[in-house]
Amino acid sequence: MRLTARLSLLVCLALLPVLGAALYTEADLRDARRAELADRARQEAALLNAALQQLVTATHDIARAATRIPQLREAAPGCDGLLADMHAGLPRYRFMAVTTESGQVLCSAGGVPAGPLQNAGWQVDAANSPEFQTGDYTQIDGSDAFLPFALRYRAESGAPRYLIAALDLRRLPDLLAPLLSHGDAQGGDRRTLAVADRHGVLLFRSADPEHWIGKTVAASVLGLVNAATAGTAMLADREGQPRIVGYVPATVAPFGLFVASGFYAADATAGIEAAMWRGGLLRAAAAAVAFAFAWLSGQRWITRPTRMLLQTAERWRRGDLSARAPVPVAATELRQLATAYNELVSALKKREDERMSHALLLEERVEERTRALSETNNRLHVEIIERERTEVALQRAQKLQAVGQLAGGVAHEFNNMLATVLGNLELLERRLPEDDPRLKSWVERAIAAVQRGAQLTSRLLAFSRRQRLSNGPIDLNLLAADLGTLAMSALGRRVEVVTAFAPKLWLAMADRSQLEAAILNLAFNAGEAMLEGGTLTISTANEWVPAGNQDDVDEGDYVRIDVCDTGVGMPPETAARAIEPFFTTKGPGFSGLGLSQVYGMARQSGGALRIASDLGRGTTVSVLLPRAMQSAEVGGHPAPGPASRSGIGVLIVDDDSDVRLATAAMLGELGYRVCDVPGGVEALALLGEHPENWDLLIVDFAMPFMNGLELTAAIRGRGWTQPIVLATGYADFSHPGGAERMLAAVLRKPFTLRQLRDTLRKVCRRMPDDGNGAPPGQPADIGLG
């Protein structure tokens, strides 16, 4: 082995200096050739730039001389003829024209393209430049392309004018022909000259100009167009071949034109690389001979004895410890190595037998312990996943509950303020003079704004699940069929409405009006997500929900209605926040309460809301409602009764003085005898002294010390049987003793004068026919919300 190492080291030491010197020399030659070619590219780019500068300077001089002619300067009659004479001697220009600052042509020669020139970006640059500006590649309505030059000057009137000279790009190769022939005479390298405007659009290219003129330079070249100084760069062309490029950027005189001269790097080093290949082959042959000699020597003294030792070692690796390595006759290191290995294997065989007996016992114990740990780890993993899912659901439920409580409280207080504003506005409207329509329109707009505020608070109450629902059995197939027809007419032809109803669908328990509003809300949201058209599918299905479900509903039978669209969909982070109040991605003008209202209705009905969205493919919103066990109700509302009686005494109980005074004024306007008190204690005292003076009570719900239902229970306990109307902006009200069933009606704040009048008419009509002044069943629920 020491001999093999010596032979290998000798060969390497002999070859390395020769190989290194040859490679260094050839690399130095190649770098010198590339530097020479880079210098040539830079010089040719400078020559091309000088030729263009002469062209730009000549154009500048021609334009300045033309503006000194009074008729041209003022665009006076005869201006077209003068320009035509001048243009006849300058065929290089596509056209010449005098324009206004807006681009309107005042006079021209050579055929200006139709239409004004005010949309050209180069003219905007000319307006901001000191005087003379080189434009951009321009082609209008399919005409021949040209490069405009603009000279800005002022007429005698002071108005800005522009003299435009449009260089015909078809003539640019003729103007640069001397430079092209000079470059061809320098050598046979593949060379490309190119000229582009400040945006990188090609104006001239020596190779294949018909294909490239008007196209943007390669992305690798685009970064050099507006560089600070001229230079050279090694860039890859569109086919990936390296090129040496000399360039003059558009930021250097004549400003606005980018000039480049490029050579293929392979052309510069082709001869050198061929020589490198030939030398490399010779050196490789010499190295092969040297290594062959070393190999033959090592084969006799090293390889053969080593191979026999390795063959025996392979048998040992396979477990045959009875094998023994052949011992060479010659007294070398290999003889000593073989003897040592044979002794080592004998010792290993003895120890292996002992290890096997211990390993069998240890393996049994490890397997048993591993099995127990795996089972424990699996159980722990399942518990962690379940715990994380439960925590996420709990956090979301707590967040929505807190937001719901806040929304409900805000809606109640806001309704009180709206009631005061609406009542006073309607009283003001009734007293406006008939001959002043402007005042009346102001009041009407203010009333409409209050009504929109009432709708907003109604949606907040729906999300907080504090609205009063009139739940009953509903056939969702019939409901969905009606709503599908309505959605089809509302969304128009761009959206195809498809229905898929489950046979033998169970009846659902929900508030019909609230459910109709929710489904229409979902349908309109789906239509807004399909601005380019699509398919809206409304489907129904029966579903049994097991215990411990992700919807957080009780185990049992449910009826599901799905609204599915093929719109833009939502990303996961947007879908997770879709039911939050005031969250919207539609921009200003949208409340962000649509899905919040649907969610609140579903939860208050004992169901759930599911949202599944795939970005770019569409969204499916499912409303889950509990199954109804009785038949669907079919009926109508009672017809309105006669007008209210005059002279009826009404007692108002409300802790908000503004609301109380506004309600009293509205009742006075309707012809009722009115008295108001700020709380339940005062109302009980007044009824205790003169109960016969009052035919009707209007009470607020949320009052300090005693709310409206507690006051109702106390009054009924004293035997007072006249009707009681609950006027409240709070949607969730109940009483342990069922006092809500003692009410004649519920009036939602804010209410209009007409709603107040209609409610009192119905209540007063029933007064002689009802023993305790309260209608059977649920009280009527009236209001703007």
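Structure: see above.
Residues numbered from 1 in each chain as written. Predicted model: local features only at pLDDT ≥ 70, side-chain atom pairs only at ≥ 80, totals over all residues. Heavy atoms only, no water.

A word on the nonpolar core
Grouped together as the largest cluster of nonpolar side chains are 37 residues, with contacts concentrated most on Leu-476, Leu-515, Ile-519, Leu-522, Leu-536 and Val-623. Only α12 (476-491), β12 (495-500), β13 (508-511), α13 (512-528), β14 (534-545), β15 (556-565), α15 (594-604) and β17 (618-626) provide two or more residues apiece to this core. Considering each element in turn, this core owes the most residues, seven residues, to α13. Not counting the four nearest positions on each side in its chain, Leu-522 is found in contact with Val-563, Leu-595, Val-598, Val-621 and Val-623. Counting 36 residues, the second-largest nonpolar core is a separate cluster that includes Met-96, Leu-203, Val-248 and Leu-257. (Core = buried A, V, L, I, M, F, W, Y, C linked by side-chain atoms within 4.5 Å. Buried < 20%, exposed > 50% of the residue type's maximum accessible area, 1.4 Å probe, protein only. Helix = DSSP H or I, 4+ residues; strand = E, 2+ residues; numbered from the N terminus. Contact = heavy atoms within 4.5 Å.)

What to know about the side chain of Thr-540
With respect to the helices and strands, Thr-540 occurs in strand β14. At 2.7 Å, the side chain of Thr-540 and the side chain of Asn-477 are in polar contact. Apart from the residues within four sequence positions on either side, Thr-540 is in contact with Leu-476, Asn-477, Ala-500, Phe-501, Ala-502, Leu-505, Arg-560 and Ile-561. (Polar contact = N/O pair within 3.5 Å; in protein donor to acceptor, adjacent residues only side chain to side chain.)

Notes on the sheet that holds strand β5 (residues 160-168)
Across a sheet, paired strands are connected by hydrogen bonds in the backbone, their directions being either parallel or antiparallel. Taken together, the five strands give an open sheet; going across it, the order is β2-β1-β5-β4-β3, and neighbouring strands pair in antiparallel fashion. The strands lining the two open edges of the sheet, one partner per strand, are β2 (105-109) and β3 (132-134). The average undirected angle you get between the axes of adjacent strands in this sheet is 15°. Relative to β2, strand β1 (residues 93-100) runs antiparallel, the two sharing four bridges. Residue pairing for β2: Met-96 is matched across the bridge by Ala-109. Of the strands in this sheet, β1 and β2 are in contact with helix α3 (residues 79-88), which crosses β1 at around 150°. (Pairing = 2+ DSSP bridges. Axes fitted to C-alpha atoms, helices over the stretch in contact; angles between N-to-C directions.)

Some remarks on a nonpolar patch on the surface
A grouping of Leu-337, Tyr-341, Leu-344 and Leu-348 is seen on the molecular surface, where their side chains present a nonpolar patch of about 320 Å² in accessible area. Here Leu-337 shows up in helix α10 (residues 333-430). On the accessibility criterion, Leu-337 (30% relative accessible area) is partly exposed. (Patch = residues over 30% accessible without salt bridge, like charges linked within 9 Å, V, L, I, M, F, W, Y side chains within 5 Å. Areas by Shrake-Rupley, 256 points an atom, 1.4 Å probe, with all protein chains shown as cover. Salt bridge = Lys/Arg side-chain N within 4 Å of Asp/Glu carboxyl O.)

Considering the packing of aromatic side chains
To describe a pair of aromatic rings, you give the distance between the ring centres and the angle between the ring planes. Enumeration over the complete set of coordinates arrives at three aromatic pairs. Ring plane angle 5° and centroid distance 6.0 Å describe the contact between Phe-132 and Phe-149, whose orientation is recorded as stacked. Residue Phe-132 is located in strand β3, and its partner Phe-149 is located in strand β4 (residues 146-154); the two are separated by 17 residues in the primary sequence. Stacked on the ring of Trp-212, the Lys or Arg Lys-215 has its end atom at 5.9 Å from the ring centre. (Phe/Tyr/Trp six-rings, centres within 6.5 Å; stacked < 30°, edge-to-face > 60°. Lys NZ or Arg CZ within 6 Å of the ring centre and 35° of its normal.)

Re the sheet that holds β12
The five strands are arranged β12-β14-β15-β17-β16 in an open sheet whose pairing can be described as mixed. In this open sheet, the two strands that pair with only one neighbour each are β12 and β16 (608-614). Within the sheet, the average angular offset between the axes of one strand and its neighbour, ignoring direction, is 20°. Of the strand pairs in this sheet, β14 and β15 are connected by ten bridges, and their pairing is antiparallel. Note that in β15 the partner of Thr-540 across the bridge is Ile-561. Strands β14, β15 and β17 of the sheet are contacted by α13, whose axis makes an angle of about 30° with β15.

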